[in-house]
Structure formats: C-alpha cells, structure tokens
Amino acid sequence: MERHKNFISFEGIDFSGKSTQIQLLLEKLNQYGIAPILLREPGGTVISEKIRDILLSPVHREMTEKTEILLYSAARAQLVHQEMIPLLKQGKYIIADRFYDSTTAYQGYGRGLDLEVVRTLNRFATSGLTPYRTFYIDILPEEAAKRKSSRGGEQDRLESGGLDFFERIREGFLNLCNKEPQRFIRIDGNRNRMEIAEIIWQEIMKIWSIRLEDFRTNK
C-alpha cells in the first residue's frame, strides 16, 4: 500500500481521547500557518455522512456484520476517491479521525470477520492509500466504560457494544501496532492530555520537520 507523508491518522477505541488530541494538534499546527484538512470516518462527504447515519443509528440494531463492513467500506471508498486522493495530489495535509485500521479492529477482531477478507476490502476501498503515521491512543475498555458513563447521553450503535467487544477491538489495535511498528505510534491514553499532546507534537515535528521549518522561515 502507498504511504503518503502528508497523511496521518488517529485511532483508538471509543472514548480514548483521540478526538481531543486531534483538536489540540490542529491548534498547534495553526500556529505555524499550517491548516490540515480534518476528515472523519465514516463521513467526510455527503454520501459518506449519510452512510454514517445508518451505521451509527441505534435504530438499526438488526444490521449484520457483513452489511456493517460493506457500508464502512463504501463510505471510505467515497471519501478516499472524492476527497483524499485529490487533496494529497494538491499537496494538502490530511489528518484522519479513523481510517481502515478501525475496520480491521472493529469488524475484523471485534465482530470476528475473516481478517483476510477485511484486508482485501480495505485495499479495494482505499486503492492502496495508507497513512504515513498512525497515532493509537490506548486505554483499557474498563476506562472507556467509565468515561462513557460520566458523559451520559444516548449511545450510538457501536458504543453500545459490551465490554468483551471492546476488549477484542483493543486486542486488534495492539496486534496492528506490533505488526507495523514503523507506522503505529502507541500512546498511553491514561496520561495527562497535555502530556499526550506534547508526545504527538514531538512526533509530528519528526514527520513534518522540514515543512514546519519552511513555514517558520516564510512567516
């Protein structure tokens, strides 16, 4: 798969804090005059957002595992080919709030679908596009459950999965980290959020250091 240096992603189980870290990173990058395009999965296009509504609605509890993965793949294919590939060709920076690793973890490990089938669908939907680096914010499912309880409100269809479901998902993410240590950056999600943000920033400086220096020089 093609790894593109302008493309990074964030992964983690629900309530890991990844969305908070994405926002903190965007604020930091904006200080250097860099405004990456933030895209979420599923979503990011009109079609993909409509698929997202179907996927996450608690109304659709009868949805089968195969239907679920095909819908995620369809939303991703639309996002990749309508938005991501054209943006990268223009030299834009992209930060993805989830990408195909979530499908591997959630539908492959979590739902128990055949991992080779999952990998094939991922490759097909993305035409081989791969993040250059993936930040994985790691927390235990028990901690995620506490955060979910304290937040309150209605849970979406995926968030309502049981503890065993999220344990399998976490195991999937950890396996991915072990298989691709050159791409994944695993971070302890129990640390102070500003400590996590600094770890991410230091890694971003390594990834995009020349570009950031260029922006500092041009300001």
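Residues numbered from 1 in each chain as written. Predicted model: local features only at pLDDT ≥ 70, side-chain atom pairs only at ≥ 80, totals over all residues. Heavy atoms only, no water.

**Student:** So, the pairing of strand 1 (residues 2-11): which residues are in play, and what are the values?
**Tutor:** With seven bridges joining them, strand 1 and strand 4 (residues 129-138) adopt parallel strand pairing. Across the sheet, the residue bridging to Ser9 is Thr134, located in strand 4. Two elements, strand 1 and strand 3 (residues 94-97), share four bridges in a ladder whose sense is parallel. Paired with Ser9 across the strands is Ala96, a residue of strand 3. (Pairing = 2+ DSSP bridges. Helix = DSSP H or I, 4+ residues; strand = E, 2+ residues; numbered from the N terminus.)

**Student:** Let's hear about helix 6 (residues 141-151): which residues, and what values?
**Tutor:** Within helix 6 the residues assigned to the buried category are Pro141, Ala144 and Lys148. Projected down its long axis, helix 6 carries its buried residues within an arc of 55°, all on one side. In this structure, helix 6 carries Lys146, Ser149 and Ser150 as exposed residues pointing more than 90 degrees from its buried face. Where helix 6 is buried, its residues contact helix 7 (163-179). (Buried < 20%, exposed > 50% of the residue type's maximum accessible area, 1.4 Å probe, protein only. Arc of directions from axis to C-beta. Contact = heavy atoms within 4.5 Å.)

**Student:** Could you give me a rundown of the environment of Asn175, with the residues and numbers involved?
**Tutor:** The residue Asn175 is located in helix 7 in this model. Along the sequence, Asn175 and Arg193 sit 18 residues apart, while their C-alpha atoms lie 24 Å from each other.

**Student:** Quick one: what's the story with the packing of aromatic side chains, residue by residue and with numbers?
**Tutor:** Following the criterion strictly, the structure yields ten aromatic pairs and no others. Taking 5.1 Å as the distance between ring centres and 90° as the angle between the ring planes, the aromatic pair formed by Phe7 and Phe99 counts as edge-to-face. Here the residue Phe7 occupies a position in strand 1, and Phe99 occupies one in the loop between strand 3 and helix 4 (100-110), the gap between them amounting to 92 residues. Taken together, a centroid distance of 6.2 Å and an interplanar angle of 80° make the contact between Tyr106 and Phe165 edge-to-face. With Tyr106 in helix 4 and Phe165 in helix 7, this pair connects stretches of sequence that are 59 residues apart. A relative accessible area of 6% places Phe165 in the buried class. Here the aromatic residues Tyr106, Tyr136, Phe165, Phe166 and Phe173 are joined through ring pairs into a cluster of three or more. The ring of Tyr132 has Arg3 sitting right over it, with the charged end atom 5.0 Å from the ring centre. Positioned above the aromatic ring of Phe99, the side-chain terminus of Arg76 is 5.9 Å from the ring centre. (Phe/Tyr/Trp six-rings, centres within 6.5 Å; stacked < 30°, edge-to-face > 60°. Lys NZ or Arg CZ within 6 Å of the ring centre and 35° of its normal.)

**Student:** So what's going on with the side chain of Arg170? Residues and values would help.
**Tutor:** Position of Arg170 relative to the elements: it lies in helix 7. Those residues in contact with Arg170, other than ones at most four positions away along the chain, are Ile13, Tyr136, Asp138, Ile139, Leu140, Pro141 and Arg186.

**Student:** Describe helix 4, naming the residues involved and giving the relevant values.
**Tutor:** The buried fraction of helix 4 amounts to eleven of the eleven residues, a majority that puts the element mostly inside the structure. Considered for burial, the residues of helix 4 that qualify are Tyr100, Asp101, Ser102, Thr103, Thr104, Ala105, Tyr106, Gln107, Gly108, Tyr109 and Gly110. Along its buried surface, helix 4 packs onto strand 1, helix 3 (65-89), helix 5 (115-126), strand 4, helix 7 and strand 5 (184-188). Immediately downstream of helix 4, the backbone of Gly112 shows phi near 85°, a positive value.

**Student:** Tell me what's going on with unusual backbone geometry, and back it up with residues and numbers.
**Tutor:** Residues other than glycine predominantly adopt negative phi, and peptide bonds predominantly adopt the trans conformation. Of note, the bond from Glu41 into Pro42 is cis; its omega dihedral lies within 30 degrees of zero at -15°. Inspection of the secondary structure assignment puts Pro42 in the loop between strand 2 (37-40) and helix 2 (46-56). The phi dihedral of Arg98 is positive, around 85°, even though this residue is not glycine. Looking at the secondary structure, you find Arg98 in the loop between strand 3 and helix 4. Its relative accessible area of 11% is what places Arg98 among the buried residues. At Ser127, a position not held by glycine, the phi torsion is positive, near 50°. Among the structural elements, Ser127 can be located in the loop between helix 5 and strand 4.

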